[in-house]
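Report on the structure
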Amino acid sequence: MVFIMKPNVPEEKIRSFAAGWEERGFGTILSVGTEHTAVCLIGNTAAVDIDHVVETSGIVAYGKRITEQYKAVNRTVHADSTIVRVGDVRIGEGTFTVISGPCSVESEEQILEVASRVKAAGARILRGGAFKPRTSPYSFQGLQADGIKLLLQAKKETGLPIVSEIMNQTQTPYFEDVDIVQIGARNMQNYDLLRAVGKMNKPVLLKRGIASTIEELLMSAEYILAAGNKNVILCERGIRTFEPMTRNTLDLSAVVLLKQKSHLPVIVDPSHAAGIRSLVAPLAKAVLAVGADGIMVETHNNPAAALCDGAQSLDLDQFDALMEDLKKRAPLENKTL
Ligand code: PEP
Ligand code: MN
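One structure accompanies this document, and this report is about it.

What counts, and where the lines are drawn
Residue indices follow the written sequence of each chain, beginning from 1 at its first position. Here chains are named by letter from A upward and ligands by number from 1 upward, in the order in which they appear as written. For a predicted model such as this one, the threshold for reporting local features is a pLDDT of at least 70, and the threshold for listing and counting side-chain atom pairs is 80 or more; totals across whole chains, interfaces and linings nevertheless cover every residue. As a convention, hydrogens and water are excluded, and side-chain values are obtained from all of the structure's heavy atoms. Nine residue types can take part in a nonpolar core, namely buried Ala, Val, Leu, Ile, Met, Phe, Trp, Tyr and Cys, and a core is a set of them joined through side-chain atoms within 4.5 Å. Burial status follows relative accessibility: with a 1.4 Å probe on protein chains alone, a residue under 20% of its type maximum counts as buried, one over 50% as exposed, and anything between as partly exposed. By definition, residues are in contact when any of their heavy atoms lie within 4.5 Å. Here a helix means four or more residues in a row that DSSP labels H or I, a strand means two or more in a row labelled E, and each is numbered from the N terminus. Whether a residue is near a molecule or strand depends on its heavy atoms: if one lies within 4 Å, it is near. N or O atoms closer than or at 3.5 Å make up a polar contact, with two conditions inside protein: a donor-capable atom paired with an acceptor-capable one, and, for residues adjacent in sequence, both atoms drawn from side chains. Only the protein chains shown count as cover for residues, and all accessible areas are computed by the Shrake-Rupley method using a 1.4 Å probe. Excluding water, the donors of a metal are its N, O and S neighbours within 2.8 Å, or within 3.2 Å for Na, K and Ca, and that exclusion means sites may look incomplete. Two rings belonging to Phe, Tyr or Trp (six-membered ring only in the last case) form a pair when the distance between their centres is within 6.5 Å. Interplanar angles under 30 degrees mark stacking, angles over 60 mark edge-to-face geometry, and anything in between is tilted.

Another aspect to go through is the nonpolar core. Membership of the largest hydrophobic core comes to 70 residues, with the highest contact counts inside it found for Leu126, Val197, Leu206, Leu234, Ile295 and Phe319. Residues within four places of Leu234 in sequence aside, it is in contact with Leu206, Leu217, Leu218, Ala221, Leu258, Ser262, Leu264, Pro265, Val266 and Ile267. Counting 16 residues, the second-largest nonpolar core is a separate cluster that includes Leu41, Ile50, Val53 and Ile59.

Right, let's get into the side chain of Asn248. Mapped onto the fold, Asn248 is located in the loop between strand 12 (232–236) and helix 7 (252–261). If near-sequence neighbours (up to four positions away) are discounted, Asn248 is found in contact with Ile210, Arg237, Gly238, Ile239, Arg240, His272 and Ala273.

The immediate surroundings of ligand 1 are formed by Cys103, Arg127, Lys132, Glu165, Gln182, Gly184, Ala185, Arg186, Lys207, Arg237, His272 and Glu298. Here Arg127 contributes a side-chain N or O atom positioned 2.8 Å from an oxygen atom of ligand 1. Arg237 places a side-chain nitrogen or oxygen 2.6 Å from an oxygen atom of ligand 1. For ligand 1, whose free accessible area comes to 300 Å², the fraction covered by protein is 97%.

The coordination sphere of the manganese ion (ligand 2) contains the protein donors Cys103 (SG), His272 (NE2), Glu298 (OE) and Asp309 (OD), at a distance range of 2.0 to 2.4 Å. In the primary sequence, the donor residues of the manganese ion (ligand 2) line up as C-x168-H-x25-E-x10-D. Placement of Cys103 in the loop between strand 7 (97–101) and helix 3 (108–121) and of His272 in helix 8 (residues 270–274) is noted, with a sequence separation of 169 residues between them. Residue His272 is classed as buried on the basis of its relative accessible area of 8%.

To continue, consider unusual backbone geometry. Residue Asp309 is not a glycine yet carries a positive backbone phi of 60 degrees. Within the element layout of this structure, Asp309 appears in the loop between strand 14 (294–298) and helix 10 (316–329). The phi dihedral of Asn334 is positive, around 55 degrees, even though this residue is not glycine. When its relative accessible area of 66% is taken as the criterion, Asn334 is described as exposed.

Another point: the packing of aromatic side chains. One pair of aromatic rings is described through two measures. These are the centre distance and the angle between the planes. One pass over the structure, following the stated rule, counts seven aromatic pairs. A ring pair is formed by Phe3 and Phe17, whose centres lie 5.6 Å apart and whose planes are at 80 degrees; its orientation type is edge-to-face. Linking Phe3 in strand 1 (residues 2–5) with Phe17 in helix 1 (residues 11–23), this pair joins segments that are 14 residues apart in sequence. You can call Phe3 buried: its relative accessible area is 0%. On the basis of relative accessible area, Phe17 is assigned to the buried category, the value being 12%. Clustering of aromatic rings is evident, with ring pairs tying together Phe3, Phe17, Trp21 and Phe26.

Put into structure tokens, the structure is as follows:
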């Protein structure tokens, strides 16, 4: 249940209203927006009489039942679109943020070359996996702690903020200077990890699980917000279907629905969705057209020699071409790149 406050109610009154509900055993979420402030009740609200609350509180404009299980991420509770800030990069409404870099950090030379080229082309954030979740234990598992060090070096040299995947809670110390922590598809429902990143003081990029519903993705984001971290970016990265010609099937409907149901920014990873290099640029254009807040694209200085996901990685010139194209298209969608 959500109560929308009347305009200009002093904050201490709202806080004591919320505290009253907490004394009665409810959890509360306070959401301050530009238009209005809302107090959301968590718990069994079946016996709460909305009209009675409106009449007696003096500060509530109206109340609404929220049938969805996700509350903190729900647009009903927070009408304004959340903008996630990373340094001077804003991810959300009005912008189309391009995140790019290799699947995995492989060497100093590789990450520095890719970082400087994707920056020159207009990417705003550098990606690179250090701890890699691989299907086979015999595949390259990432440079681990050394990979993070190389990413930090690339961050220092280019000024680009960095995003990298965390695989479990024991790795949090390595992520101290990483700007955005990524939860990969395989870990989307690792609830202990979700709670742990919910306690980290930095944005989280949460990827959709390969067989997870839209609602499950929202519930996973809810874990992070419920643990105290409001800076979550949702990422559609393709889901497993019966179609074997692509690595996954890009679910563009999910982008639109996620933006309707939630106030969180939504980006798309067309690289993992397709698994095929030649599909990445066309899909990226579709992603922009459908209203997403950005993309994460894998780019490599030598895709043929990549230790991970070479087949879906753009080379540096292909990434340049994609960026040129997106720069032309973004204004038509009222987005700045
Ligand atoms: C990745 O981004 O490198 C990755 C492993 O993606 P996903 O979790 O979507 O498979
Ligand atoms: Mn990859």
